[in-house]
Amino acid sequence: MAVGPSRRRRVVLWTLGILTLLVVLGVGVAVSPLLAVDEVQVAGVTPERAAEVRRAAGIEVGDSIVTFLPGQVAGRVRDLPWVGEVKIVRSLPHSVRIEVVPRIPVGWTKAGAGVLVVDGESRVLWKADAPPPGVPELGGVADVAPPGGEIDPPSLAAAARALGSELRSRTVALTLDDGALTAQIVGGPQIRYGSPRAVGAKARVAAAVLASLGATPVTYIDVSVPSAPVSG
């Protein structure tokens, strides 16, 4: 049996009314205090850094937990120069967790009265009044940038990363001069790496030679040819 125009119109109006009601109910629930943020947790960083992450995230207590976009929040946090990876976890009804993996400092370079801290990708992470512990000064930097920018040459930061955490913590300064990479060990010899290539392999040889020498005093260890290290 054919449906008349009047009946079709009533069906359309009824359907639109139901959809409108559902939208209104959905919006009402979304902005309801029942789904309001009452806690923003930050994991993976110090309390000071956590406060910085919260400010960058832009999520406030009382905001709706269902209307913010996790990708946008993660993007704002990732804009912090020292942040590597970010994950946003929304736990209904009230909790948001921001998981942060910071970038790893591998060195620093002087900048006016302070220093710039750098990661293995040449990225400037932050400016500080004093050098951070456990990473070397980078000598031979041709160009510096503010936090979020990069130092030049990038091979210098890459070499610092390739040292590995143990040898890097024992290195006072890592210098690239006229294509030759050298490092000064705390209370020990100079390490001569030669070109800034295959630094990881050369660093492993240097660490082995240092261990074998023990307390024997030497002025330098040359691992520019890692298969034939020389000390003197």
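Conventions we followed
- Residues numbered from 1 in each chain as written.
- Predicted model: local features only at pLDDT ≥ 70, side-chain atom pairs only at ≥ 80, totals over all residues.
- Heavy atoms only, no water.
- Helix = DSSP H or I, 4+ residues; strand = E, 2+ residues; numbered from the N terminus.
- pLDDT = per-residue confidence, 0-100.
- Pairing = 2+ DSSP bridges.
- Axes fitted to C-alpha atoms, helices over the stretch in contact; angles between N-to-C directions.
- Phe/Tyr/Trp six-rings, centres within 6.5 Å; stacked < 30°, edge-to-face > 60°.
- Lys NZ or Arg CZ within 6 Å of the ring centre and 35° of its normal.

Along the polypeptide, Pro154 turns up in helix H4 (residues 154–162). Separated by 33 residues in sequence, Pro154 and Glu121 have C-alpha atoms that sit 6.9 Å apart.

Turning to the confidence of the model for the protein, a few remarks are in order. The predicted coordinates should not be examined in detail at positions where pLDDT is low. When pLDDT is averaged along the protein, the result is 88; 86% of the residues meet or exceed 70. Of all the helices and strands in the protein, helix H1 (residues 5–30) carries the lowest mean pLDDT, 50, while strand E10 (residues 190–194) carries the highest, 98.

Take the sheet that holds strand E2 (residues 83–91) next. Read from one edge to the other, the open sheet built from three strands follows the order E1-E3-E2, with strand pairing classed as mixed. The open sheet is flanked by strand E1 (39–43) and E2, the only strands paired with a single partner. Sheet twist, expressed as the average angle between the axes of neighbouring strands with direction ignored, equals 20 degrees. Where E2 meets strand E3 (residues 95–102), eight bridges bridge the pair, whose relative direction is antiparallel. Across the sheet, residue Val83 finds its bridge partner in E3, namely Pro102.

The next subject is the packing of aromatic side chains. Across all of its chains, the model carries zero aromatic pairs by this definition. Here Arg49 stacks its cationic end above the ring of Trp126, 4.5 Å away from the centre of that ring. Sitting above the plane of the Phe68 ring, Arg90 keeps its charged end 4.6 Å from the centroid.

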